[in-house]
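# Structural description and commentary
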Amino acid sequence: MTVKKFLAGPLGTNCYLLVNEISKEALIVDPASCPERLKECVAKDNIRIRAILLTHAHFDHIMGIDDVIGLYGEMPVYVHQEDMEMLENPALNLSGNYGMGYSYRGGTAIRDGQILSLIGYEIKVIHTPGHTPGGVCYYVESEEVLISGDTLFQDSVGRTDFPGGSASELVRSIKEKLFVLPENTHVYPGHMGTTTIWHEKGHNPFVY
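Here's a quick rundown of the structure.

Parameters at a glance
- Residues numbered from 1 in each chain as written.
- Predicted model: local features only at pLDDT ≥ 70, side-chain atom pairs only at ≥ 80, totals over all residues.
- Heavy atoms only, no water.
- Patch = residues over 30% accessible without salt bridge, like charges linked within 9 Å, V, L, I, M, F, W, Y side chains within 5 Å.
- Areas by Shrake-Rupley, 256 points an atom, 1.4 Å probe, with all protein chains shown as cover.
- Salt bridge = Lys/Arg side-chain N within 4 Å of Asp/Glu carboxyl O.
- Helix = DSSP H or I, 4+ residues; strand = E, 2+ residues; numbered from the N terminus.
- Buried < 20%, exposed > 50% of the residue type's maximum accessible area, 1.4 Å probe, protein only.
- Disulfide = S-S within 2.5 Å.
- 1 Å grid on protein atoms, 1.4 Å probe; cavity = no way out; pocket = protein on both sides within 12 Å on 5 of 7 lines; lining within 4 Å.
- Points joined across faces, edges and corners; volume = space filled by probe spheres on them.
- Nonpolar A, V, L, I, M, F, W, Y, C, P; charged D, E, K, R; others polar.
- Arc of directions from axis to C-beta.
- Contact = heavy atoms within 4.5 Å.
- Pairing = 2+ DSSP bridges.
- Axes fitted to C-alpha atoms, helices over the stretch in contact; angles between N-to-C directions.

A contiguous nonpolar surface patch, about 300 Å² in accessible area, is contributed by Leu 11, Tyr 98 and Met 100. One can find Met 100 in the loop between helix 4 (90-93) and strand 6 (107-110). What makes Met 100 partly exposed here is its relative accessible area of 36%.

And the structure:
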């Protein structure tokens with residue numbers, strides 16, 4: 001699996017393209033928009049996008065869904081069941097606060113521990129509430145890859161002051177569900193740079 005990062009949307013969200021280089025199939029994670037560099041990459045490498053994965057349903061991770069589907073055709077949009085209402089409601093996903101009023105009503109609900117068999121990989125859903133009630137991380141054990149959304153950042157963690165957030169729940173999610181993963185796991189967060197489980201266990205000041 002190749003992980004390609006693109007800055008997207010009004011807050012510079014990390015939008016990821018997860019690519020099977022053999023089949024040229026791919027997944028898009030957290031399309032805050034559909035940036036030109038991503039579209040150029042897809043066209044240049046003849047990539048076929050099969051699904052959208054959402055780590056959570058805040059506006060800065062979802063506002064490109066319709067653009068992606070408009071360009072590449074209908075596809076499932078995976079979101080944890082506890083963030084489904086947020087995906088469908090601009091007041092809850094905070095897009096209404098910015099005068100954008102975005103919502104999407106075609107989400108496919110996922111749950112903790114579910115295995116998604118997509119583009120030739122087994123992708124485990126890890127429910128990590130705290131930033132939002134339905135926040136998740138996506139773990140690809142065979143590739144030592146964790147897409148952590150706004151749960152775990154490089155030397156930091158996601159905000160917990162939005163509706164539905166909980167600092168204690170976020171720290172518990174990280175300690176009990178992420179820090180038990182192999183230390184060589186590469187972590188791809190929703191903002192800022194890439195890190196590893198090993199680094200965060202030893203250096204993240206917000207978890208201890």
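Here the structure, examined in full by the defined rule, presents zero disulfides. As a non-bridged cysteine, Cys 15 has Cys 34 as the owner of its nearest cysteine sulfur, 7.5 Å distant. With a relative accessible area of 9%, Cys 34 lands in the buried category.

Once rolled over the atoms, a probe with the size of a water molecule shows which space is left empty. Estimates place the volume of the largest pocket at around 230 Å³. Lining the largest pocket we find 13 residues, and of these Leu 11, Asp 60, His 131, Arg 159 and Phe 162 sit closest to its centre. For the lining of the largest pocket, the per-class residue count stands at six nonpolar, four polar and three charged.

Before going further, it helps to examine unusual backbone geometry. Of note, the phi angle at Lys 24 is positive, near 65°, even though the residue is not glycine. Along the polypeptide, Lys 24 turns up in the loop between strand 2 (13-20) and strand 3 (25-29). Using a relative accessible area of 26% as the deciding quantity, one classes Lys 24 as partly exposed. Phi at Leu 94 is positive, roughly 75°, even though this residue is not glycine. One can find Leu 94 in the loop between helix 4 and strand 6. Under the relative-accessibility criterion, Leu 94 is labelled buried at 9%.

To continue, consider helix 1 (residues 36-44). Within the sequence span of helix 1, burial applies to Leu 38, Cys 41 and Val 42. Projected down its long axis, helix 1 carries its buried residues within an arc of 95°, all on one side. The exposed set on the far side of helix 1, more than 90 degrees from its buried face, consists of Arg 37, Glu 40, Ala 43 and Lys 44. Contacts made by the buried residues of helix 1 are with strand 1 (2-8), strand 2, strand 3, strand 4 (48-53) and helix 2 (65-72). The first or second residue beyond helix 1 is Asn 46, which carries a positive phi of 55°.

Relative to the helices and strands, Ser 173 is located in helix 5 (residues 167-178). Residue Ser 173 is classed as buried on the basis of its relative accessible area of 5%. Residues Ser 173 and Leu 87, spaced 86 residues apart in sequence, show a C-alpha to C-alpha distance of 22 Å.

Before going further, it helps to examine the sheet that holds strand 2. Read across the open sheet, the six strands follow the order 1-2-3-4-5-6; overall the sheet is mixed. Either end of the sheet is taken by a strand with one partner, and the two such strands are strand 1 and strand 6. Strand after strand, the sheet turns through a mean of 25° between neighbouring axes, direction not considered. Those strands touched by helix 1 are strand 1, strand 2, strand 3 and strand 4, and its axis lies near 150° from that of strand 1.

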